[in-house]
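For reference, the chains in residue letters:
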Amino acid sequence: MSRLPKIKHVRAFVVKNDGTGANQGGGADYHDQGDGHWIDDHIATPMAKYPEYRQSRRSFGINVLGTLVVEIEADNGVVGFAVTTGGEPAAYIVEKHLARFLEGRDPSEVEKIWDQMYFSTQYYGRKGLVVNAISGVDLALWDLLGRLRQEPVFAMLGGAVRDELTFYATGARPDKAKELGFIGGKMPLHHAPAEGEEGLRKNLAELEAMRNACGDDFWLMFDCWMALDLNYATRLAHEAHKMGLKWIEEALSPDDYWGYQALKKNAPKGMLVTTGEHEATRWGFRMLLEMECCDIIQPDVGWCGGVTELIKISAMADAKGVLMIPHGSSVYSYHFVVTRHNSPFAEFLMMAPGADEVVPMFHPQLIGEPVPVNGKLKVPDAPGFGVELNRDIALHRPYAR
Ligand SMILES: C[C@H](O)[C@H](O)[C@@H](O)[C@@H](O)C(=O)O
Ligand SMILES: [Mg+2]
């Protein structure tokens, strides 16, 4: 029986953005940005076949959910928390459904609690919003455990296997990322198949410009955000290979395992095929791994099931010699990546509007959120995930019990 205090209360909050101060979007729902931000500037998506939804992903609702903040308070008053994407619907699931499996329980029962959260919601969950909510609770639980045990999460996961993390940067300016010391730059793809041959030419011209700006050795990647079909993705890969594209990311629908299997077979030798940020649970990643869909899996720890599930996902990938490089999720992935041999580098999402300076990924929600310096970061040796919630943000608890 653990000597830890019991879980007293689980609380789920959303962040009410009123456009002022700390409440101007961003945070865990990092796509919730204002006009003029690179992350919402004519980026190729599955909705690009509708011209009215081509310029801005906010126009079709990429930021409709907002941030979910989960707090878990123990009997002794210690509070663990985490942020992820989910907003009010996820808050409803946390308060009305998931909380019952935590309150009154021993916080060290992470496996049993995860199992109950997943299988009690399986009839309406399994992926997407419900697993985001489960992930948020799981991350907050690991944060609470770290605070109670006075240990960083990475220490509870087996300890660091390297002194510091090395990052590539995602953003529209790989040339700036190179200047800032990152090992590579992942560019958003701007033109989808609906824009035809001209769009393909524009995509390749952007790559060529960045290759010329960054030199031959700097990693350059395309992030295709589920926007392509197999033929377009295969053509793009072969043309981009001539300019040294290192990987083509999330080219197809997350459900098209067969398409990824074919893309990986047809891709040029030396081109990496990656995906996974919109996949969830060990079962989803088993499909990607056993069907040999990709060379790198990229789960988001705030969306795939949390740390407890990522342990299983990462081990499956390791056994198959597949790298596990999580989708950018700030401290929540850093604490995991630093402990895994098959996670030799990490993603940093450039959240400055011009993608030209390093700002905290989940700004303004996490006090003490570490950022890479010269493309590297030593994970702080502080309890839990080592950050505090910014109490200046306008928290709202829509389903208070
Ligand atoms: C840059 C991409 O379009 C997404 O916005 C990004 O969040 C994600 O795909 C990534 O890999 O960082
Ligand atoms: Mg991506």
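Rules behind the numbers
Residues numbered from 1 in each chain as written. Chains lettered and ligands numbered in written order. Predicted model: local features only at pLDDT ≥ 70, side-chain atom pairs only at ≥ 80, totals over all residues. Helix = DSSP H or I, 4+ residues; strand = E, 2+ residues; numbered from the N terminus. Rg over C-alpha atoms; globule rule 2.2 N^0.38 Å. Buried ≥ 20, exposed ≤ 12 C-beta atoms within 10 Å, placed from the backbone. Contact = placed C-beta atoms within 7 Å. Expected span 1.5 Å × (residues − 1). Pairing = 2+ DSSP bridges. Axes fitted to C-alpha atoms, helices over the stretch in contact; angles between N-to-C directions. UniProt positions renumbered as here; feature names shortened; annotations may be inferred. Domains from an automatic or database assignment. Nonpolar A, V, L, I, M, F, W, Y, C, P; charged D, E, K, R; others polar. Near = placed C-beta within 6 Å. Arc of directions from axis to C-beta. Core = buried A, V, L, I, M, F, W, Y, C linked by C-beta atoms within 7 Å. pLDDT = per-residue confidence, 0-100. Parallel < 35°, antiparallel > 145°, perpendicular 65-115°, else oblique. Left-handed = near helix turned anticlockwise from the far one by under 90°.

Before going further, it helps to examine the overall build of the chain. Each helix and strand in the chain was counted, giving eleven helices and 15 strands. In terms of C-alpha radius of gyration, the chain reaches 20 Å, essentially the compact-globule figure of 21 Å for 401 residues. With the principal axes as the frame, the chain shows a C-alpha extent of 60 × 45 × 45 Å. Looking at the chain as a whole, 51% of its 401 residues qualify as buried. Put simply, 70% of the contacts in the chain that link residues at least 6 apart link residues at least 24 apart.

The periodicity of an α-helix, 3.6 residues per turn, causes residues three or four positions apart to be oriented the same way. In a regular helix each residue adds 1.5 Å, so 19 residues correspond to 27 Å; helix α6 (residues 196-214) covers 27 Å between its end C-alpha atoms and thus fits that length. Looking at the buried residues of α6, the elements they touch are α5 (174-179), β5 (184-188), β6 (219-223), α7 (230-241) and β7 (245-249). Looking one or two residues beyond α6, the residue adopting positive phi is glycine 215, at roughly 85 degrees.

Another aspect to go through is the sheet that holds strand β15 (residues 395-396). Strand pairing in a sheet is mediated by backbone hydrogen bonds. Such pairs are either parallel or antiparallel. Overall, antiparallel pairing links the four strands, which are arranged β3-β2-β1-β15 in an open sheet. Only two strands of the sheet have a single neighbouring strand rather than two, namely β3 (79-85) and β15. With two bridges joining them, strand β1 (residues 7-15) and β15 adopt antiparallel strand pairing. Across the sheet, residue valine 14 finds its bridge partner in β15, namely histidine 396. Against the sheet, helix α1 (residues 87-96) touches β1 and β2 (67-74), its axis set at about 165 degrees to β1. Each of β2 and β3 touches helix α3 (residues 129-149); the most contacted strand, β3, lies at about 150 degrees to it.

Moving on, we get to the UniProt feature "site: Transition state stabilizer" (unreviewed entry) in the chain. According to UniProt, the positions carrying the feature "site: Transition state stabilizer" (unreviewed entry) are Glu347. Summarising the element assignment, glutamate 347 is placed in strand β11 (residues 346-349). Setting aside residues up to four positions removed in sequence, glutamate 347 forms contacts with Phe167, Tyr168, Thr170, Ile325, Pro326, His327 and Gly328.

Turning our attention to the domain arrangement of the chain. Each assigned domain of the chain is listed here: domain 1 (7-29 + 65-150 + 390-396) and domain 2 (156-382). Using only C-alpha atoms to locate each centre, domain 1 and domain 2 end up separated by 25 Å. Taken residue by residue, the interface counts 25 residues in domain 1 and 21 residues in domain 2. Counting residues per element, the ones that place at least two in the side of domain 1 that touches domain 2 are β3, α2 (110-121) and α3. Looking at the side of domain 1 that touches domain 2 residue by residue, the class counts come to twelve nonpolar, ten polar and three charged.

Here we come to the site of ligand 1. Around ligand 1 lies a shell formed by Ile39, Ile43, Thr170, Pro188, Asp223, Trp225, Glu277, His327, Gly328 and Leu349. Tallied by class, residues from the shell around ligand 1 come to five nonpolar, three polar and two charged.

Okay, helix α8 (residues 257-266) next. All of the buried residues in α8 are Tyr257, Tyr260, Leu263 and Lys264. Projected onto a plane normal to the axis of α8, the buried residues spread over an arc of 120 degrees and lie on a single side. Pointing more than 90 degrees away from the buried face of α8 are the exposed residues Trp258 and Lys265. Among the structural elements, α7, β8 (272-275) and α9 (281-290) are those in contact with the buried residues of α8.

The next thing to look at is the pairing of β2. Sheet faces and side chains relate simply in a regular strand, where the side chains alternate between the two faces. Here β2 lies mainly inside the structure; seven of its eight residues are buried. Here β1 pairs with β2 via seven bridges, running antiparallel. What sits directly across from valine 14, in β2, is leucine 68. Alignment of β2 against β3, held across seven bridges, turns out to be antiparallel. Note on β3: the bridge partner recorded for valine 70 is alanine 82. Linking β2 back to β3 in an antiparallel pair, the connection comprises four residues, with glycine 77 at a positive phi of about 90 degrees.

Attention now goes to the nonpolar core. One finds Val70, Val94, Cys224, Ala233 and Ile248 to be the most contacted residues of the largest nonpolar core, which totals 122 residues. Residue contributions to this core peak at twelve residues, all from α3. Taken domain by domain, this core gets at least three of its residues from each of domain 1 (7-29 + 65-150 + 390-396) and domain 2 (156-382). When residues no more than four places from it in sequence are discounted, the contact partners of cysteine 224 are Ala44, Leu189, Ala233, Ile248, Glu249, Glu250 and Ala251.

Further remarks concern the confidence of the model for the chain. Per-residue pLDDT for the chain has a mean of 97; in total, 99% of the residues score no lower than 70. For this predicted complex, the interface score ipTM comes out at 0.99, while the overall pTM is 0.98.

The N-to-C vectors of α6 and α7 enclose an angle of 30 degrees; their axes lie 10 Å apart at closest approach. If you check the angle between α6 and α7, you find them roughly parallel. Considering how the two elements wind past one another, α6 and α7 form a crossing that is right-handed. Two secondary-structure elements touch here, α6 through Leu200, Asn203, Leu204 and Leu207 and α7 through Arg235, Leu236, Glu239 and Ala240.

Here the focus is the environment of asparagine 390. Inspection of the secondary structure puts asparagine 390 in the loop between β14 (388-389) and β15. The class for asparagine 390 is partly exposed, based on 19 C-beta atoms found within 10 Å. Sequence spacing of asparagine 390 and leucine 366 is 24 residues, and the spatial spacing of their C-alpha atoms is 5.5 Å.

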